[in-house]
4 protein chains.
Amino acid sequence: MAKDKVCLAYSGGLDTSCILKWLIEEGYDMLAKKARSSTCKSPPKSANKLFTEDFQAAKAKALKIGAVACYIEDIRREFIEELCFPAVQCNAVYENIYLLGTSLARPVIARAQIKVAQKEGCIAVSHGCTGKGNDQVRFELAFYALQPSIKVIAPWRLPEFYERFAGRNDLLDYAAKTGIPVSSTKSKPWSMDENLAHCSYEAGILEDPDVTAPADMWKLTVDPLNAPDKPEDFTIVFEKGLPKKLITAEGKAITDSVELFLEANAIARRNGVGRVDIVENRFIGLKSRGCYETPGLTCLRSAHIDIEGLVLDREVRALRDQFVTFNYAKILYNGLYFSPEREFLEESIVASQKTVNGQVRCRVYKGNFSILGRSSETEKLYDASESSMDEIGAFSPKDTTGFISVQAIRLKKYGEAKEAKGERL
Amino acid sequence: MAKDKVCLAYSGGLDTSCILKWLIEEGYDMLAKKARSSTCKSPPKSANKLFTEDFQAAKAKALKIGAVACYIEDIRREFIEELCFPAVQCNAVYENIYLLGTSLARPVIARAQIKVAQKEGCIAVSHGCTGKGNDQVRFELAFYALQPSIKVIAPWRLPEFYERFAGRNDLLDYAAKTGIPVSSTKSKPWSMDENLAHCSYEAGILEDPDVTAPADMWKLTVDPLNAPDKPEDFTIVFEKGLPKKLITAEGKAITDSVELFLEANAIARRNGVGRVDIVENRFIGLKSRGCYETPGLTCLRSAHIDIEGLVLDREVRALRDQFVTFNYAKILYNGLYFSPEREFLEESIVASQKTVNGQVRCRVYKGNFSILGRSSETEKLYDASESSMDEIGAFSPKDTTGFISVQAIRLKKYGEAKEAKGERL
Amino acid sequence: MAKDKVCLAYSGGLDTSCILKWLIEEGYDMLAKKARSSTCKSPPKSANKLFTEDFQAAKAKALKIGAVACYIEDIRREFIEELCFPAVQCNAVYENIYLLGTSLARPVIARAQIKVAQKEGCIAVSHGCTGKGNDQVRFELAFYALQPSIKVIAPWRLPEFYERFAGRNDLLDYAAKTGIPVSSTKSKPWSMDENLAHCSYEAGILEDPDVTAPADMWKLTVDPLNAPDKPEDFTIVFEKGLPKKLITAEGKAITDSVELFLEANAIARRNGVGRVDIVENRFIGLKSRGCYETPGLTCLRSAHIDIEGLVLDREVRALRDQFVTFNYAKILYNGLYFSPEREFLEESIVASQKTVNGQVRCRVYKGNFSILGRSSETEKLYDASESSMDEIGAFSPKDTTGFISVQAIRLKKYGEAKEAKGERL
Amino acid sequence: MAKDKVCLAYSGGLDTSCILKWLIEEGYDMLAKKARSSTCKSPPKSANKLFTEDFQAAKAKALKIGAVACYIEDIRREFIEELCFPAVQCNAVYENIYLLGTSLARPVIARAQIKVAQKEGCIAVSHGCTGKGNDQVRFELAFYALQPSIKVIAPWRLPEFYERFAGRNDLLDYAAKTGIPVSSTKSKPWSMDENLAHCSYEAGILEDPDVTAPADMWKLTVDPLNAPDKPEDFTIVFEKGLPKKLITAEGKAITDSVELFLEANAIARRNGVGRVDIVENRFIGLKSRGCYETPGLTCLRSAHIDIEGLVLDREVRALRDQFVTFNYAKILYNGLYFSPEREFLEESIVASQKTVNGQVRCRVYKGNFSILGRSSETEKLYDASESSMDEIGAFSPKDTTGFISVQAIRLKKYGEAKEAKGERL
């Protein structure tokens, strides 16, 4: 009789290699799926560390362990265009600080996995997320929305698995015993997750929120202290709130979404832009500490906020800020991308961005992002002569007297009431 | 017969000196009032420019012009404790960027002016704000709430004044003719407003939003490019969300509000922290471009956001972020400090900050502010072992399965509906 | 030389007739425009009062007074489809009670007036609104958005007019003197404004908010005390949140928007549904008391709220309620229909209503509106067997244990903190 | 060895009687706790059905089944003062319709149960809620916040219980076998939950949302069709937003909270006020249909909304409506009463209600609640002469021209941009 097929989100690391083997031993036909949402391109110029992912090696390893197949899916374009760019359009941020780098990748990874599972007729999907984090929730809610009938095998929540593999040594023993190749790299005292937009660090020594992240932890960006002494300038052009062109200091114009994103990353990485350190509130109600690098996205988001000042109506902006930005970020963080509310909000984002057309001249320097200037050829809401303090123009100063008088009606009543009650302002 | 008395907000500059004279000529007994909300202390160490305000010289000048009295009011403590600190407590920010430096000063300046007016029995108050800006609104709404019966004389909105003084040269001529002393300082091609928390630059060459602010414009902070090559670390201690102690790199502990604020300023100024450049939406509906320096407040606010991660409940934070932060900033920006809604929100701020107790270790470096770590002796919402990925603890991983299953009920329905309608996710 | 043309919003009543004459005397060529947004159809069956507007008589009167032309514009369809129906879709309500009946009509009336003004080459538009109300703001903001160069003549804010016509008697004298026909109807001790959706009553004796509205004031609806002793049932069918069909008790199906709206009105009017009495906050900051009748719209809105329970996702609903409903109502109330923010919100409304398909069986009885039942053929979010308390179904009760445990993580921390601080819950 | 003690929320009905027995058989020492949050006072005059709860009979039954003790706790005052009145103060409503009658009772019932459990040294608490509803969540989240170490036994989520008792007949068999007395009352084809504020009906035949609730289902209120033909008037006096006095048609003044609430109930019940029928969204993500009667609370809330119109500042009201009302209701509905966010919001409610002082004259008639008038002796925000259309007063109509002109600045820009892009408004 044919075995049931299960599709595992496979990273190539120790955890998912052991899970792969264990599920095979549990009697499944296993498919490994590895999403290529990260990149080996554009390492920080001045960094001597190297970052490359070897997808073919991972595939070979999965097959060696016993997977019946291994899919490598390149989801970089959909990750950037469907997730990162809407996040830029609404200036998404969680708890004032976190740009959602990990959260943004989960929906596309989950969708790629479900596609493989559907193509191969899998009865279940599996992942290597731990039982206390956000990612298990993000993956599984996506799985269930994408295919409500799917089953999910989460070994780290199964007693038969987590009781057997109580620590890293148990995994190493199992790997040795079952012939799983283990890289010689010494384990870092923190865990890490990286994609094209972002690298996160948590757990281990970082669990003490008062321990400063060690300088050699940061992987994507140069330490601001070691970044170039000369600022680097560039220009980002937006259409309907989407980054459409990046012009480098040398004048090179990049218009392809993926290339543009990679270039923004490269610029930010070599100038140390995009590091944060935060204690955040997970969906399940625990607080956790994370250190994040989000180089290019930090620049794109900041530039987008700037251009909105020039071209977006005040009230549309205020409504979008209070309503869409906050909730889009919360929805993404909590893993509710595939949901009616995200669809709803995304239509509101698009509706808000019609006039967000223009370009921003940006500067990065030793960890700083700053604005040099901005302009728009098509949008005319800003009117230098009208807002000028030096010109009277068509605008009558007397009108403002009436404006203030009417605004004061309510406040005078309030002042009188305070007075009558003997209260002081 | 006694003349009517008017109290003028007097800066000592050309504009308000001419207004003072003109109002005297109009037949009023004039009182000049100058609020000391700015400071000459702690100029940036590495800056060779000098910044001092000579209050006694301003007073002498007002009396020389003909004021019957000149009041110098020191409102620095109330400015910091009543305005800046609540802004820190709710992380106030307008349109994502502006920390409200100018807006925060207006209520206390207006209140000081009304106090003088009441003491002296003035029938009106006057100011030198232009007819297109926010400050006229902020001052006058405060005046009317504080004393609903007060009259306001706004010369820049009176045709008899603004038609006579159409440009700077008209003012200079008038000063020459009427013996008003004019400093030899050449006028800068922008206007400036400074207080203890902030310096703003706008108008003139800045009215083109694509013109980069010149390096010699910035007055409070050192250019990040010229800031020290070594980071500077310090610690801020919060109680109920209020900055209660600042510990310098040398270990000096400062607890007095004013001293603490000045020290935060000094640290940030010499390290180039707190510059922004923004096109913002004024209350009256015009867009305008401003460049702002808000050194110490930038650090205090960022540190406060950080400590909230450790000690503030997720849902209280979310409600406060979406509701209080946004609206408090809008209210302050629009000059509605003395209003029922500000009183209402301020009680909510206090209610939200009960557990915001702890300390943040901060670093500034060439324009950057970053976090080194944070801790709290009294608050225990963060629990390293419970959030640890390496420990099972009291928490059962199986519970999360149920949590996700229940969260998925609604999403499965949604996925099924999509499927039934032939739509893709 | 040709005279300047002005287009006046003309009601045919005493006020606008005098304004018409006065503007002619001021030297303008006047065009009267009367919008047909009200109706004489469907008077309440059991009411013995009669309500008809004679548009031709109004036109004749305008021409007799000296208007060079009088336009009667039928804007009922656009009023219902462009204004009333979006209000239904988002359940719009101002300050919990007011269904915006007057506010909804203003944009279409203003647009019709601007069209006439543009066609006739008018230099200005005029209206008879008083200087303290909302309607002047609503009309003029619409005028300025629709044609930024237009001038507005608001006689009740011109001293030369309002000082001359200080009371009703001055208007009557002027009418007598200038030959303006005056109806013999004795003036009511309140003012009234009526359109197809709504009739409002304010001013006069109603200015004392403790005076009960007299029974003979209400014009559109039968007194609930005199309404039929038998309930009347009907069904409303919604598609994408829009009322698409009304099925009467007799089984007649009405699908045309205008006819459907008139039928809803007729049913509600004869059963006394839709009366409210409110003290509300005007845009200019004054409080005012209004009595409103909004018969059909009350039923359509209540039915719409009900169907959303069955077919709209919880989170979409919550976001829409908190964000769109509140703000759409505020925007309409304040006269900001022609604005970027209304356009933005309206796209969000549409995005929220995709699944709002189904029908509601309604009952009206002596002022009450109630729900008999609801169903949807296309939407399946409600699942009787799944929500059934009597069936276990696919849903595992054990999952809920995990759901609650995870929800409790944060609350246990909170309980422990309270305990540690010696506080009681 | 002593047995472990468990405290059960005991209603006296079939379900909790069987649970009581079953837990005794499982080896626990059982304590029954019955909260007196309902009332037998004031049955609807014109109703021939009788509603009384016999607490002593329930206690005798519990002891007969084998409970070691049975506590009857009267929590009516805390229910009204701590839960119902804050709900009135913030006009709490869930999904536009549901006044939270059941949700409001849960926190006080849970607290009373924990008190008994703590006094008796119980290791666990238990309840008879089903596994799909809201109430299990509300009870258990309250338990865990009140005593984080408590255990919860939820039999309807334990397979050993729910698989044994698959239907009502299994319970009846068990009762017969174990000697549990069963009332002869035939089971209704719906389930019911009642407290002092409210009665809810759901499940059974009501699970089809298109089935009209049968006339004989409603228990608290008279059918509007059978209610008196004469309206009944009464007055409610508020202080700081709290109902402080109710004056009946006969002039009787009631000031005690419980008595006042009971009187409001009695008036509303005999006049058929407070019935609703809704499909709502449960916390766990299912939709469910409920029919609710909330007589007195409906009147108190509506009167409170009315008085706020007269005495509450516009902006405080708007902030409270958008922020507090929505979230307080959601928090209560989801069972998060004992939470930091509820504490936070409740302080905001109090802060918003300082000026909510005054009285409302109300009328009920055949299911309708309406307002006759309102007044306040202490609050003066409403000013008849100032808002009067007939008086110019201190207010200059010309000011409004300036107000509108300034409001129009932004809209003219928008109109011009539309025109330039060839778009129509």
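- Under an unreviewed UniProt entry, chain A has the name Argininosuccinate synthase and belongs to Cudoniella acicularis.
- On record in UniProt, under Sequence similarities (unreviewed entry), the comment for chain A is "Belongs to the argininosuccinate synthase family. Type 1 subfamily."

A word on the interface of chain C and chain A
Next up, step 1: With 23 residues of chain C at the contact, the number on the chain A side is 23 residues.
Next up, step 2: Surface buried jointly by chain C and chain A totals about 2,000 Å² across both partners, of which 75% is contributed by carbon and sulfur atoms.
Next up, step 3: It is C:Leu319, C:Phe323 and C:Phe344 in chain C that bury the most area against chain A; as a group they hold 29% of the surface buried on that side.
Next up, step 4: At the boundary of chain C with chain A, the tally comes to 2 salt bridges.

Let's talk about a negative patch on the surface
All names here are of chain A.
Next up, step 1: Negative charge collects at one region of the surface, where Glu-25, Glu-26, Glu-160 and Glu-163 lie side by side.
Next up, step 2: As for its position among the elements, Glu-25 is in helix H1 (residues 14-25).
Next up, step 3: Here Glu-25 falls in the partly exposed class, since its relative accessible area comes to 44%.

Comments concerning the domain arrangement of chain A
Next up, step 1: Looking at the assigned domains, one finds that chain A contains domain 1 (5-75 + 101-188), domain 2 (195-375) and domain 3 (390-420).
Next up, step 2: Inter-centroid distance (C-alpha atoms) of domain 1 of chain A to domain 2 of chain A is 27 Å.

Some details on the packing of aromatic side chains
Next up, step 1: For the coordinates displayed, the defined rule picks out 54 aromatic pairs over all chains.
Next up, step 2: Considering the side-chain rings of A:Phe165 and A:Tyr174, the 5.0 Å spacing of their centres and the 70° angle between planes classify their relative orientation as edge-to-face.
Next up, step 3: Note on D:Trp22 and D:Phe161: the rings are 4.9 Å apart at their centroids and 75° apart in plane angle, and the pair reads as edge-to-face. With a gap of 139 residues between them, D:Trp22 in helix H1 (residues 14-25) and D:Phe161 in helix H6 (residues 159-162) connect regions that are remote in the sequence.

Here we look at the sheet that holds strand E11 (residues 275-281) of chain A
The strands making up a sheet associate through backbone hydrogen bonding, with each pair oriented either parallel or antiparallel.
Residue and element names in this part refer to chain A.
Next up, step 1: Within the open sheet, the 4 strands sit side by side as E6-E7-E12-E11. Their pairing is antiparallel. This sheet does not close on itself; its edge strands, each paired only once, are strand E6 (191-195) and E11. Strand-to-strand twist across the sheet, computed as the mean angle between neighbouring axes with direction ignored, equals 25°.
Next up, step 2: Strand direction decides the pairing type here: E11 and strand E12 (residues 287-293), joined by 7 bridges, are antiparallel.

What to know about the relation of the copies chain C and chain A
Next up, step 1: Mapping chain C onto chain A calls for a screw motion: a turn of 180° about the axis and a shift of 0.0 Å along it, with 0.0 Å RMSD after fitting. The operation mapping one copy onto its partner corresponds to a two-fold rotation axis. For chain C, the residue whose C-alpha comes nearest the rotation axis is C:Ser348, separated from it by 2.6 Å.
Next up, step 2: A share of 100% of interface residues in chain C that are also interface residues in chain A marks the association as one of identical surfaces.

Rules used in this analysis
- Residues numbered from 1 in each chain as written.
- Chains lettered and ligands numbered in written order.
- Predicted model: local features only at pLDDT ≥ 70, side-chain atom pairs only at ≥ 80, totals over all residues.
- Heavy atoms only, no water.
- UniProt positions renumbered as here; feature names shortened; annotations may be inferred.
- Contact = heavy atoms within 4.5 Å.
- Buried area = accessible area lost by both parts, 1.4 Å probe.
- Salt bridge = Lys/Arg side-chain N within 4 Å of Asp/Glu carboxyl O.
- Patch = residues over 30% accessible without salt bridge, like charges linked within 9 Å, V, L, I, M, F, W, Y side chains within 5 Å.
- Areas by Shrake-Rupley, 256 points an atom, 1.4 Å probe, with all protein chains shown as cover.
- Lys, Arg positive; Asp, Glu negative; His and termini not counted.
- Charge placed at Lys NZ, Arg CZ, Asp CG, Glu CD.
- Helix = DSSP H or I, 4+ residues; strand = E, 2+ residues; numbered from the N terminus.
- Buried < 20%, exposed > 50% of the residue type's maximum accessible area, 1.4 Å probe, protein only.
- Domains from an automatic or database assignment.
- Phe/Tyr/Trp six-rings, centres within 6.5 Å; stacked < 30°, edge-to-face > 60°.
- Pairing = 2+ DSSP bridges.
- Axes fitted to C-alpha atoms, helices over the stretch in contact; angles between N-to-C directions.
- Least-squares fit on C-alpha atoms with pLDDT ≥ 70 in both.

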